[in-house]
Amino acid sequence: MAAGLSAYRDQHFKGTRNELERKLEGSNTLYVGNLSFFTTEEQIYELFSKSGDVKKIVMGLDRVRKTPCGFCFVEYYFRSGAEDSVRYVNGTRLDGRIVRTDWDAGFEEGRQYGRGRSGGQVRDEYRTDFDDERGGFGRLYQERNKGNNDMMID
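Residues numbered from 1 in each chain as written. Predicted model: local features only at pLDDT ≥ 70, side-chain atom pairs only at ≥ 80, totals over all residues. Heavy atoms only, no water.

## Digging into the packing of aromatic side chains
On inspection of all chains with the given rule, the structure shows 4 aromatic pairs. Both rings, one in Tyr31 and one in Phe73, keep their centres 5.9 Å apart while their planes meet at 75°; by these two values the pair is edge-to-face. Residue Tyr31 is found in strand 1 (residues 29–33), and its partner Phe73 is found in strand 3 (residues 68–76); the two are separated by 42 residues along the sequence. On the basis of relative accessibility, which here comes to 25%, the residue Tyr31 falls in the partly exposed class. On the accessibility criterion, Phe73 (3% relative accessible area) is buried. A ring pair is formed by Phe73 and Phe107, whose centres lie 5.3 Å apart and whose planes are at 55°; its orientation type is tilted. Within this pair, whereas Phe73 is found in strand 3, its partner Phe107 is found in the loop between strand 6 (100–104) and helix 4 (122–125), the two being separated by 34 residues in sequence. Every member of this aromatic cluster is reached through a ring pair, and the members are Tyr31, Phe71, Phe73 and Phe107. Of note, Arg79 hangs over the ring of Trp103, and the distance from its end group to the ring centre comes to 3.7 Å. (Phe/Tyr/Trp six-rings, centres within 6.5 Å; stacked < 30°, edge-to-face > 60°. Helix = DSSP H or I, 4+ residues; strand = E, 2+ residues; numbered from the N terminus. Buried < 20%, exposed > 50% of the residue type's maximum accessible area, 1.4 Å probe, protein only. Lys NZ or Arg CZ within 6 Å of the ring centre and 35° of its normal.)

Structure, rendered in structure tokens:
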């Protein structure tokens with residue numbers, strides 16, 4: 001049984017919806033989200049290589065600071081390894097975070113950078129809480145408390 005596609009579609013894909021669907025259905029690449037900012041490439045390799053032969057890992061980076069920002073791309077040599085990861089790794093815990101996997105149409109240079117206004121993940125722009133496993137306070141909290149950074153961790 002093949003691991004099915006989710007409803008999510010990359011709005012920045014340059015092509016038609018049908019082209020994207022075809023690419024996703026034949027892809028060996030996964031988008032991995034909800035990672036801690038402290039998770040290393042080695043940890044990702046250790047977890048994801050249990051499902052198949054990993055060809056390449058591309059860590060997601062803050063566009064401005066060039067530091068990890070909570071996502072990566074994992075490319076497998078074969079589709080079967082990626083399918084097994086979607087089935088068995090999705091929803092597991094790594095560095096205190098529940099890992100989310102989704103099919104990706106294939107990594108292209110430039111996609112490793114966060115799409116948020118401040119350079120990181122869009123989702124982190126709106127967080128108002130402190131999340132120790134993720135890597136600190138959300139950007140919205142930091143913006144609201146700019147003069148009060150004695151308690152902030154970035």
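## Description of the side chain of Ser85
Among the secondary structure elements, Ser85 is positioned in helix 3 (residues 79–88). A residue is classified by how much of its surface remains accessible, and Ser85, at 0% relative accessible area, is buried. Look past the residues within four positions of Ser85 in its chain and what remains in contact with it is Leu30, Phe48, Ser51, Tyr76, Asn90 and Thr101. (Contact = heavy atoms within 4.5 Å.)

## Points about unusual backbone geometry
Backbone geometry at Asn34 places phi at a positive 65°, although glycine is not the residue there. Along the chain, the position of Asn34 falls in the loop between strand 1 and helix 2 (41–48). The backbone of Asp95 sits at a positive phi, close to 55°, despite the residue not being glycine. In this structure, Asp95 sits in the loop between strand 4 (93–94) and strand 5 (97–98).

## What about the pattern of salt bridges?
Using the criterion set out here, one finds 5 salt bridges in the structure. Among the salt bridges present, the one from Arg79 reaches Glu83, with a minimum N-O distance of 3.3 Å. One end of the pair, Arg79, and the other, Glu83, are both in helix 3, 4 residues apart, so they sit about a helical turn from each other. Accessibility expressed as a relative area gives 17% for Arg79, which makes it buried. In this structure, Asp84 and Arg87 form a salt bridge, with 2.7 Å as the shortest nitrogen-oxygen distance. Highlighted residues: Asp84 and Arg87, both in helix 3, separated by 3 residues, approximately one helical turn. Looking at Asp84, the relative accessible area reads 25%, which means it is partly exposed. Note on Arg87: relative accessible area 30%, which makes it partly exposed. (Salt bridge = Lys/Arg side-chain N within 4 Å of Asp/Glu carboxyl O.)

## A few points about the sheet that holds strand 1
Taken together, the 4 strands give an open sheet; going across it, the order is 2-3-1-6, and neighbouring strands pair in antiparallel fashion. Every interior strand has two partners, whereas the edge strands, strand 2 (54–61) and strand 6, have only one. Direction aside, neighbouring strands of the sheet carry axes that sit 25° apart on average. Note: strand 1 against strand 6, 5 bridges, orientation antiparallel. Bridging across to strand 6, Thr29 finds its partner in Asp104. (Pairing = 2+ DSSP bridges. Axes fitted to C-alpha atoms, helices over the stretch in contact; angles between N-to-C directions.)

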